[in-house]
Amino acid sequence: GRDDQQGPAVAQYVNSLKAKKVAIADDATAYGEGLANEVEKTLKAAGVQVVAREKTNDKATDFKAILTKIKGKNPDAIFYGGMDATGGPMIKQARELGIKSTFAFGDGACTTEMTKLGGAASEGLICSQAGIPTQMASKGFQEAFKAKYGEVKQYAPFFYDATNILIAAMQKA
């Protein structure tokens, strides 16, 4: 989903958890920052206090400085706009610092890689997801994909369908 769809959805879910104070961080990419902006806007409109807004980058590996700032604000939840490559280490480091806040992420962190990188610390995280593509794909697609590429990746069924639509349109034209 687009940022203006996904951001409000994850923010509404965070709000439904009765989070009164939320910290937000992003990786300064178009994806991460855009999503974090929408989450922040929706939370503020709902009267949720955004106690911190931090930035990192998509190559970072050490998040302890921003996490220490966030810890001092004692948020009920933390939203991170970024991918699994940085989200996994971030949640792991947060737990090492004793941060018990609920973590929320966008679809870029809804991956099996996220749980590998975050380990046990990723238990209980929430993330938004535009459908469940691997469960929506036909059994035939899943078997063929696994035979050629291994585990079905997050958006593979969507890309497959979109490619076939383009092929059909080109053939018709």
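Please refer to the structure placed before this passage.
Since this is a predicted model, take the numbers as computed values, not measurements. (Residues numbered from 1 in each chain as written. Predicted model: local features only at pLDDT ≥ 70, side-chain atom pairs only at ≥ 80, totals over all residues. Heavy atoms only, no water.)

(A) Inspection of helix α2 (residues 30-45) at higher detail. Between its first and last C-alpha atoms α2 spans 22 Å; for 16 residues at 1.5 Å apiece the expected length is 22 Å, and the two agree. Three or more residues of α2 are buried, namely Gly32, Gly34, Leu35, Ala36, Glu38, Val39, Glu40, Thr42 and Leu43. In the stretch just after α2, Gly47 is the one whose phi turns positive, near 85°. (Helix = DSSP H or I, 4+ residues; strand = E, 2+ residues; numbered from the N terminus. Expected span 1.5 Å × (residues − 1). Buried < 20%, exposed > 50% of the residue type's maximum accessible area, 1.4 Å probe, protein only.)

(B) Structural view of the pairing of strand β4 (residues 102-105). Strand direction decides the pairing type here: strand β3 (residues 77-81) and β4, joined by four bridges, are parallel. Across the sheet, residue Ala77 finds its bridge partner in β4, namely Thr102. With two bridges joining them, β4 and strand β5 (residues 126-127) adopt parallel strand pairing. From the neighbouring strand, Phe105 faces β5, where its bridge partner is Cys127. Taking the sense of rotation as the criterion, the β-α-β connection linking β4, helix α5 (residues 112-118) and β5 turns out right-handed. (Pairing = 2+ DSSP bridges. Right-handed = clockwise from strand over helix to strand, strands pointing away.)

(C) Up close: the packing of aromatic side chains. Summed over the entire model, instances satisfying the criterion amount to five aromatic pairs. Arranged with centres 5.8 Å apart and planes meeting at 15°, the rings of Phe103 and Phe105 form a pair that is stacked. As far as burial versus exposure is concerned, Phe103 and Phe105 are alike and both buried. On the basis of an interplanar angle of 55° and a centroid distance of 5.0 Å, the ring pair of Phe141 and Tyr160 is categorised as tilted. Here Tyr160 lies in helix α8 (residues 156-172) and Phe141 lies in helix α7 (residues 139-149), a separation of 19 residues in the sequence. Owing to a relative accessible area of 45%, Tyr160 belongs among the partly exposed residues under this scheme. Put simply, the rings of Phe141, Phe145, Tyr149 and Tyr160 pair up and form one aromatic cluster. (Phe/Tyr/Trp six-rings, centres within 6.5 Å; stacked < 30°, edge-to-face > 60°.)

(D) Summary view of the packing of helix α3 (residues 64-73) against helix α4 (residues 84-96). Packing of α3 against α4 brings their axes to within 10 Å, and their N-to-C directions diverge by 55°. Between α3 and α4, the interaxial angle falls into the category oblique. Considering how the two elements wind past one another, α3 and α4 form a crossing that is right-handed. Touching Lys64, Ile66 and Leu67 of α3 are Met90, Gln93, Ala94 and Glu96, all from α4. Taken together, the residues of the contact of α3 with α4 break down into four nonpolar, one polar and two charged. (Axes fitted to C-alpha atoms, helices over the stretch in contact; angles between N-to-C directions. Parallel < 35°, antiparallel > 145°, perpendicular 65-115°, else oblique. Left-handed = near helix turned anticlockwise from the far one by under 90°. Contact = heavy atoms within 4.5 Å. Nonpolar A, V, L, I, M, F, W, Y, C, P; charged D, E, K, R; others polar.)

(E) View of the environment of Asn74. Here Asn74 shows up in the loop between α3 and β3. It is 48 Å that separates the C-alpha atoms of Asn74 and Ala144, two residues lying 70 residues apart in sequence.

(F) The pattern of salt bridges, seen in detail. Counted under the stated rule, the structure contains ten salt bridges. The shortest N-O distance in the salt bridge between Asp4 and Arg2 comes to 2.9 Å. A salt bridge links Glu40 to Lys44; the shortest N-O distance between them is 3.2 Å. Here Glu40 pairs with Lys44, and both are found in helix α2, just four residues apart, close to one helical turn. On the accessibility criterion, Glu40 (15% relative accessible area) is buried. Through salt bridges with shared partners, a single network forms among Asp26, Glu33, Glu40, Lys44, Arg53 and Lys55. (Salt bridge = Lys/Arg side-chain N within 4 Å of Asp/Glu carboxyl O.)

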